[in-house]
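# Fold and contact review
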Amino acid sequence: YSPRISLRPRLLPNPSRGHFRIELPQELPPIASIQVFNARGALVAQIAPANTANIYLPNLVQGLYLVKIRLKDQGIFTQKLIME
C-alpha cells in the first residue's frame, strides 16, 4: 500500500453529462492548468484553474476524454473522463 496513490485529483461525477468538478486532495499544490483531449488526442478545451470547482463543457459529444491536470509544482496527472 502506498499513501501516494490516494493523492490524485478525482473527476466527479464520472461518467459525466457535461458538468463535473475536480476534487484535489489538500496535500497537493494548486492547479496551474487543465486541458481536455478527445480520444484522437486533439485539444478540445482549456480551462482556467479558477474554474475547477465546477466545469461545464456542454458541447462535448459522448465518448472518452483525457483530462490533463498540471499542478503548480509541475506535477502532471491525466484522468479519463467519460461523457454520456
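Quick look at the structure, then. What you see is a predicted model, and the numbers here were worked out from it, not measured in a lab. (Residues numbered from 1 in each chain as written. Predicted model: local features only at pLDDT ≥ 70, side-chain atom pairs only at ≥ 80, totals over all residues. Heavy atoms only, no water.)

### A few points about the sheet that holds strand β5 (residues 55-56)
The cut-off we apply is this: One bridge is not enough; two strands pair if DSSP finds at least two bridges between them. Comment: elements are numbered from the N terminus, with helices defined as DSSP H or I runs of at least four residues and strands as E runs of at least two.
If you walk across this open sheet you meet the 3 strands as β1-β2-β5, and the pairing is antiparallel. Of all the strands in the sheet, the pair left with one neighbour each is β1 (10-12) and β5. Across 3 bridges, the pairing between β1 and strand β2 (residues 19-23) is antiparallel. In the strand pairing of β2, L12 is matched with R21.

### Quick notes on the environment of I31
As for its position among the elements, I31 is in strand β3 (residues 31-38). Along the primary structure I31 and P49 are separated by 18 residues, whereas in three dimensions their C-alpha atoms are 5.8 Å apart.

### A word on the side chain of S33
Going by this rule: Whether two residues are in contact is decided by their heavy atoms: any pair within 4.5 Å suffices.
Along the chain, S33 falls in strand β3. Excluding residues within four positions of it along the chain, S33 makes contact with P49, K68, I69 and R70.

### Side note on the pattern of salt bridges
Quick reminder of the rule: Any carboxyl oxygen of Asp or Glu within 4 Å of a side-chain nitrogen of Lys or Arg constitutes a salt bridge here. Exposure is judged per residue with a 1.4 Å probe applied to protein chains only, and the accessible area is read against the type maximum: over 50% gives exposed, under 20% gives buried, and values in between give partly exposed.
Per the counting criterion, the structure on display carries 3 salt bridges. Note that R17 is salt-bridged to E84, the shortest N-O span being 3.6 Å. One end of the pair, R17, is in the loop between β1 and β2; the other, E84, is in the segment after β7 (76-83), and 67 residues separate them in sequence. Taking relative accessible area as the criterion, E84 reaches 43% and is therefore assigned partly exposed. With its nearest N and O atoms 3.9 Å apart, the salt bridge here joins R21 to E23. Looking at E23, the relative accessible area reads 33%, which means it is partly exposed. Here the salt bridges do not stand alone but share partners, grouping R10, R21 and E23 into one network.

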